[in-house]
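Inside the fold
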Amino acid sequence: MIDKNISILGSGTMGHSIALTAALAGFSIKVWGNDQHDIERGSKELHRKLGILVAEEVIDESKSKEITERIQFTLSIGKCIQDASFIIEAVPEILDLKQRLYEQLDQRCSMDVILASNTSGLSPTAIASRMKHPERMIVTHFWNPAHLIPLVEVVRGEKTADKTVKKALSLLSAMNKKPIEVKKDILGSIGNRLQYALFREAQHILEIGAATVEEIDAAVRYSIGRRLTVTGPFMTADMGGLDVFHHISDYLFKDLSIAPTSLSTMKTLVAEGKYGQKNGAGFYQWSPEFSEKMNAEREKELIKWLKMDLMI
């Protein structure tokens, strides 16, 4: 039987969203925030997301109230981790910060408690390097927004025990997620390696003047973006014919970008302080109206898939 008491350390973008996805599945959640501002911001975003789920008829008002009651915010780490059997850390991506936190948790938590990190890029082996019991540390990488994206990458460190992996996979499945095991501690795990391989080639196509930003995005949205929701790269190849994919790979791979860093347009934008949606300009111009429109469209599309997953 799965213990449904989970603690989440961090109430920011990922922390409150992980709390929401767990509460949707019936778990009781305690969420630690670094200060009152973090808690208020996380709570506000949590209620905003719940409001959208009610408006989209994923849940009703009574269910929303139940979910809210399952989530408790606190400024005390001690109170947050008390009685938890599974702790998910979602603090900033600073290795030393995480190492110090896991060293502390390792000392304070009983041996049956699993310590999981939501890191998207740091090594679980490195994070656990100061722990006396690194066998109970693992990465559970949720994708943003965590309450709408099903995938969670479960990444082993060099000393992660098999029973830790098994417990993590079981718990995440009970949370209605689609967990996958990453058997080696590789940089970027699986999803980010695939995502950035695509992004590198997109940058290359832009650099050589073969298409505009809008045309490249459209090529993904209206072709492989549609198909890959049903078939991943290996199944796509099987269905298209491995002989065909083999021959195309032989002549196309040598022409694909192997750039070891971001390409010039990306570097220029960052040097000019144009970071995208967060400050109004990037590959696109992000007016408040455009930003609101695109965020709403993405959320609506992801909720459509969530309904399919939940068979609503």
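Heads up: these notes are all about the structure in this document. All values reported here derive from a predicted model rather than from experimental measurement.

Conventions and cut-offs
Residues numbered from 1 in each chain as written. Predicted model: local features only at pLDDT ≥ 70, side-chain atom pairs only at ≥ 80, totals over all residues. Heavy atoms only, no water. Helix = DSSP H or I, 4+ residues; strand = E, 2+ residues; numbered from the N terminus. Rg over C-alpha atoms; globule rule 2.2 N^0.38 Å. Buried < 20%, exposed > 50% of the residue type's maximum accessible area, 1.4 Å probe, protein only. Contact = heavy atoms within 4.5 Å. Areas by Shrake-Rupley, 256 points an atom, 1.4 Å probe, with all protein chains shown as cover. Lys, Arg positive; Asp, Glu negative; His and termini not counted. Charge placed at Lys NZ, Arg CZ, Asp CG, Glu CD. Core = buried A, V, L, I, M, F, W, Y, C linked by side-chain atoms within 4.5 Å. Phe/Tyr/Trp six-rings, centres within 6.5 Å; stacked < 30°, edge-to-face > 60°. Salt bridge = Lys/Arg side-chain N within 4 Å of Asp/Glu carboxyl O. Polar contact = N/O pair within 3.5 Å; in protein donor to acceptor, adjacent residues only side chain to side chain. Pairing = 2+ DSSP bridges. Axes fitted to C-alpha atoms, helices over the stretch in contact; angles between N-to-C directions. Left-handed = near helix turned anticlockwise from the far one by under 90°. Nonpolar A, V, L, I, M, F, W, Y, C, P; charged D, E, K, R; others polar. Parallel < 35°, antiparallel > 145°, perpendicular 65-115°, else oblique.

Focus: the overall build of the chain
Counting its secondary structure elements, the chain contains 13 helices and eight strands. Taking 2.2 N^0.38 as the reference for a compact globule, 312 residues should give roughly 20 Å; the C-alpha atoms of the chain span a radius of gyration of 21 Å, in line with that estimate. Overall size of the chain, expressed as C-alpha extent along the three principal axes, is 55 × 45 × 45 Å. The burial tally for the chain puts 38% of its 312 residues in the buried class. Here the contacts in the chain between residues at least 6 apart in sequence split such that 67% fall between residues at least 24 apart. For the chain, the computed accessible surface area is about 17,700 Å², with 57% contributed by carbon and sulfur atoms. Distance from the positive charge centre (39 side chains) to the negative charge centre (40 side chains) of the chain: 4 Å.

A closer look at the nonpolar core
Among the nonpolar cores identified, the biggest contains 40 residues, and Ile-6, Ile-29 and Phe-142 are the most heavily contacted of them. If we ignore the near neighbours within four places in the chain, the residues touching Phe-142 are Met-14, Ile-18, Thr-21, Ile-88, Asn-118, Leu-151, Val-152, Leu-172, Met-175 and Lys-177. Membership of the second largest hydrophobic core comes to 21 residues, among which are Leu-9, Trp-32, Tyr-102 and Ala-128.

What about the packing of aromatic side chains?
What characterises a pair of aromatic rings is the spacing of the ring centres plus the angle enclosed by the ring planes. One pass over the structure, following the stated rule, counts five aromatic pairs. Centre to centre, the rings of Tyr-196 and Phe-199 are 6.2 Å apart; their planes meet at 85°, and the pair counts as edge-to-face. With Tyr-196 and Phe-199 both in helix α8 (residues 191–207) and three residues apart, this pair spans about one turn of that helix. For Phe-199, a relative accessible area of 28% gives the class partly exposed. Taking 6.4 Å as the distance between ring centres and 70° as the angle between the ring planes, the aromatic pair formed by Tyr-284 and Trp-286 counts as edge-to-face.

So, the pattern of salt bridges
Tallied over the entire structure, the rule returns 17 salt bridges. Among the salt bridges present, the one from Arg-156 reaches Asp-162, with a minimum N-O distance of 2.6 Å. For Arg-156, a relative accessible area of 17% corresponds to the buried category. Using a relative accessible area of 55% as the deciding quantity, one classes Asp-162 as exposed. The partner of Glu-272 in a salt bridge is Lys-274, with the nearest N and O atoms 3.3 Å apart.

Some thoughts on the side chain of Arg-136
Looking at where Arg-136 falls in the secondary structure, it is placed in the loop between α6 (124–127) and β6 (137–142). In terms of polar contacts, Arg-136 uses its side chain to reach the backbone carbonyl oxygen of Val-113, at 3.2 Å. Those residues in contact with Arg-136 that sit more than four places away from it in its chain are Leu-105, Asp-106, Cys-109, Ser-110, Met-111, Val-113, Ile-114, Leu-115, Met-131 and Thr-164.

A short note on the pairing of β6
Among the six residues in β6, six count as buried, and that is most of the element. Summarising the sheet, strand β5 (residues 114–117) and β6 pair through three bridges and their orientation is parallel. Residue pairing across strands places Ser-117 opposite Val-139, the latter belonging to β6. Here four bridges tie β6 to strand β7 (residues 151–155), and the two strands are oriented antiparallel to one another. Residue Val-139 lies in a different strand from β7, and its bridge partner there is Val-155.

Concerning the environment of Asp-309
Tracing the sequence through the fold places Asp-309 in helix α13 (residues 288–310). Judged by its relative accessible area of 43%, Asp-309 is partly exposed. Sequence-wise, Asp-309 and Asn-176 are 133 residues apart; in three dimensions their C-alpha atoms are separated by 8.7 Å.

What to know about the packing of helix α2 (residues 36–55) against α13
At a minimum axis distance of 11 Å, the contact between α2 and α13 shows a crossing angle of 60°. Considering the relative orientation of α2 and α13, their crossing is right-handed. Between α2 and α13, the contacting residues are Arg-48, Lys-49, Ile-52 and Leu-53 on the first element and Glu-299, Ile-303 and Leu-306 on the second. In terms of residue class, the contact of α2 with α13 is built from four nonpolar, no polar and three charged.

Some words on the packing of helix α1 (residues 13–24) against α2
At their nearest, the axes of α1 and α2 sit 9 Å apart, and the two run at 45° to each other. When the axes of α1 and α2 are compared, the pair comes out oblique. As for the relative orientation of α1 and α2, their crossing is right-handed in sense. Note on element contacts: α2 touches α1 through Gly-42, Glu-45, Leu-46, Lys-49, Leu-50 and Leu-53, opposite His-16, Ser-17, Leu-20 and Leu-24. Looking at the contact of α1 with α2, its residues break down into five nonpolar, three polar and two charged.

Geometry only, nothing functional implied.
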